[in-house]
Amino acid sequence: MYKRDKKNRDRDDSENNTAEAEKLYNKLLENNIPSIIDDREGMSLGSKINDTYVWGTPNMIILGSKFDKENYEIENTLTNEKEKYTIETLIERLKNDEK
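Rules used throughout
- Residues numbered from 1 in each chain as written.
- Predicted model: local features only at pLDDT ≥ 70, side-chain atom pairs only at ≥ 80, totals over all residues.
- Heavy atoms only, no water.
- pLDDT = per-residue confidence, 0-100.
- Helix = DSSP H or I, 4+ residues; strand = E, 2+ residues; numbered from the N terminus.
- Pairing = 2+ DSSP bridges.
- Axes fitted to C-alpha atoms, helices over the stretch in contact; angles between N-to-C directions.
- Phe/Tyr/Trp six-rings, centres within 6.5 Å; stacked < 30°, edge-to-face > 60°.
- Buried < 20%, exposed > 50% of the residue type's maximum accessible area, 1.4 Å probe, protein only.
- Salt bridge = Lys/Arg side-chain N within 4 Å of Asp/Glu carboxyl O.

Before going further, it helps to spend a moment on the confidence of the model for the protein. Scored by pLDDT, the protein comes out at a mean of 86, with 85% of its residues at no less than 70. Across the protein, the element-wise mean pLDDT spans from 77 in helix α1 (residues 6-30) up to 96 in strand β3 (residues 82-85).

Okay, here's the thing in structure tokens:
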């Protein structure tokens, strides 16, 4: 039986989530929805989240360890409400927010 250690498992999850983030980013841009990937190195997740609030970014999606590869959790940074969407329904929701 092969068992991966936690460090390798975390690195694999991080690499997979980076690929998923790029996939989502490209889909959003294809649909004319402005977005960014905060891939700054040397910063904690907490610092990146705080910057999101400081910059006034209206929505935030974090692809962390709970990401199930199908449902994206989006947080409204003004109300702190969180909802989960498939990529197709997420795009529709964000298009409706722009109206």
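Moving on, we come to the sheet that holds strand β1 (residues 59-61). Ordered in space as β1-β2-β3, the three strands form an open sheet in which the pairing is antiparallel. Only two strands of the sheet have a single neighbouring strand rather than two, namely β1 and β3. Geometrically, the sheet is characterised by an average inter-axis angle of 30° between neighbouring strands, direction not taken into account. Here β1 runs beside strand β2 (residues 72-76); their pairing, made up of three bridges, is antiparallel. From the neighbouring strand, I61 faces β2, where its bridge partner is I74.

Tallied over the full model, the rule gives one aromatic pair. Taking the centre distance of 5.0 Å and the plane angle of 45° together, the rings of F67 and Y72 count as tilted. Residue classification places Y72 among the buried positions, given a relative accessible area of 2%.

Before going further, it helps to examine the pattern of salt bridges. Enumeration over the complete set of coordinates arrives at five salt bridges. Here E83 ties to R93 by a salt bridge, and the two come within 3.7 Å at their closest N and O atoms. Of this pair, E83 sits in strand β3 while R93 sits in helix α3 (residues 87-98), and the two are ten residues apart along the sequence. Classification of E83 as partly exposed rests on a relative accessible area of 36%. The salt bridge partner of D97 is R93, with a shortest N-O separation of 2.9 Å. Of the two residues, D97 and R93 both sit in helix α3, four residues apart, roughly one turn of that helix. Taking the relative accessible area as the measure of exposure, D97 reaches 42% and is therefore partly exposed. By relative accessible area, which is 15% here, R93 ends up buried. Here the salt bridges share partners, and the residues they tie into one network are D38, R40 and D51.

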